[in-house]
Amino acid sequence: MSAPECRLSRLGWIAVAVLAVAAVPELAQACAVCGAGREENRMAFLLTTLFLSVVPLLAIGGIVVWLRHRARVVALEAREADIDTSPIPARST
Amino acid sequence: MSDRTLRLVGAGPSRQLVSNAVLGMLILVVAELMMFSGLISAFVIVEAAAPGGWPPPNQPRLPVTETAFNTFALLLSGVALFYADRCFRKLRRSAAKPLAAAMFLGAFFVVFQGVEWWQLLSEGLTVTSNTHGSFFYLIVGMHALHAIAGLMVLLNVWIRLAQRRLDGSTLAAAQVFWYFVVGLWPVLYALVYL
């Protein structure tokens, strides 16, 4: 006759997981943003978040705007070159 | 005509919009910009969180005035490269002197930084001494590495010019990188030194 197996039921695992998750916020409070509570620190995080969000947009946006400008310039130059090289129509007298 | 270009395709024949060298360099510069943005952000947060103020007490002061002079030299280097481009458009060979001046001023900047580092190390500011030292050497060191890479690019451009093999797109790509190095430094100087 074998000994009865000591296993956690599904409900037991869920209870363990909930308890583990419940312990996390206390650990999170140790991080610089939540725990320190200093105004300079909060502002630094806010500003750097904004900075890191805006820089790639500005950089890639800048390149796109510049390429559009280049496209216009090149198109204009092409049009002028076509006008210059087009044959002058003969005058009918 | 070379195929290594971004082209404007319309009703007529396709035309060159921007060379691949310049476009590739722009993408590299954006990636480098993001790397420096990350370093700057980390520095700003550590500076704000420093309990005893910034820079930490009992630490050697950074040479603000001397570095301001060095900053001026680097900015002049950017102006010299801009002038070299103007000369190149008029008469190719005439770009050699301003290009050499740009390289000289860039090299002066790097050597001056080296001397400054030597003094700071002898005063006790090392990478491992504290976060002040770590960030100083990390941020300024990364910029110095970029300056050295930019100098190598400029040297390559100068050699090509001397051999009459330099084309406009190579010079433009080198300019993009060097202007990035020059333009970034005042921001780092204001952030780290002031």
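The preceding data block contains the structure.
Residues numbered from 1 in each chain as written. Chains lettered and ligands numbered in written order. Predicted model: local features only at pLDDT ≥ 70, side-chain atom pairs only at ≥ 80, totals over all residues.

## Some words on the overall build of chain A
- A count of helical and extended segments in chain A gives 3 helices and 0 strands.
- Sequence-ordered secondary structure for chain A, helices as α and strands as β, is α-α-α.
- The proportion of buried residues among the 93 residues of chain A is 1%. (Helix = DSSP H or I, 4+ residues; strand = E, 2+ residues; numbered from the N terminus. Buried ≥ 20, exposed ≤ 12 C-beta atoms within 10 Å, placed from the backbone.)

## Considering helix 5 (residues 168–192) of chain B
- Under the 1.5 Å per step criterion, the end-to-end length of helix 5 of chain B is 36 Å for 25 residues, consistent within 8% with the ideal 36 Å.
- Elements in contact with the buried residues of helix 5 of chain B: helix 1 (20–49), helix 2 (64–90) and helix 4 (131–162) of chain B. (Expected span 1.5 Å × (residues − 1). Contact = placed C-beta atoms within 7 Å.)

## Details of the interface of chain B and chain A
- Contact residues are listed per partner, giving 16 residues for chain B and 22 residues for chain A.
- Elements with a minimum of two residues in the side of chain B that touches chain A: strand 2 (15–19) and helix 1 of chain B.
- In terms of residue count, the dominant contributor to the side of chain B that touches chain A is helix 1 of chain B (10 residues).
- Tallied by class, residues from the side of chain B that touches chain A come to 11 nonpolar, 4 polar and 1 charged. (Nonpolar A, V, L, I, M, F, W, Y, C, P; charged D, E, K, R; others polar.)

## Here's the deal with the packing of helix 2 of chain B against helix 5 of chain B
Residue and element names in this part refer to chain B.
- With their axes 10 Å apart at the nearest point, helix 2 and helix 5 run at an angle of 160° to one another. It follows from the interaxial angle that helix 2 and helix 5 lie roughly antiparallel. The way helix 2 lies across helix 5 gives a crossing that is left-handed. Contact residues: Thr67, Thr71, Leu74, Leu75, Ser77, Gly78, Leu81, Asp85 and Phe88 in helix 2; Leu171, Gln175, Trp178, Tyr179, Val182, Trp185, Pro186 and Tyr189 in helix 5.
- Looking at the contact of helix 2 with helix 5 residue by residue, the class counts come to 11 nonpolar, 5 polar and 1 charged. (Axes fitted to C-alpha atoms, helices over the stretch in contact; angles between N-to-C directions. Parallel < 35°, antiparallel > 145°, perpendicular 65-115°, else oblique. Left-handed = near helix turned anticlockwise from the far one by under 90°.)

## Examining the nonpolar core
Residues and elements named next belong to chain B.
- Membership of the largest hydrophobic core comes to 30 residues, with the highest contact counts inside it found for Ala84, Leu99, Ala102, Leu154, Val157 and Val181.
- Those elements that place two or more of their residues in this core are helix 1, helix 2, helix 3 (96–122), helix 4 and helix 5.
- With 9 residues, helix 5 is the largest single contributor of residues to this core.
- Once residues lying within four places of it in the same chain are set aside, the contact partners of Ala102 are Ser77, Ala80, Leu81, Ala84 and Leu154. (Core = buried A, V, L, I, M, F, W, Y, C linked by C-beta atoms within 7 Å.)

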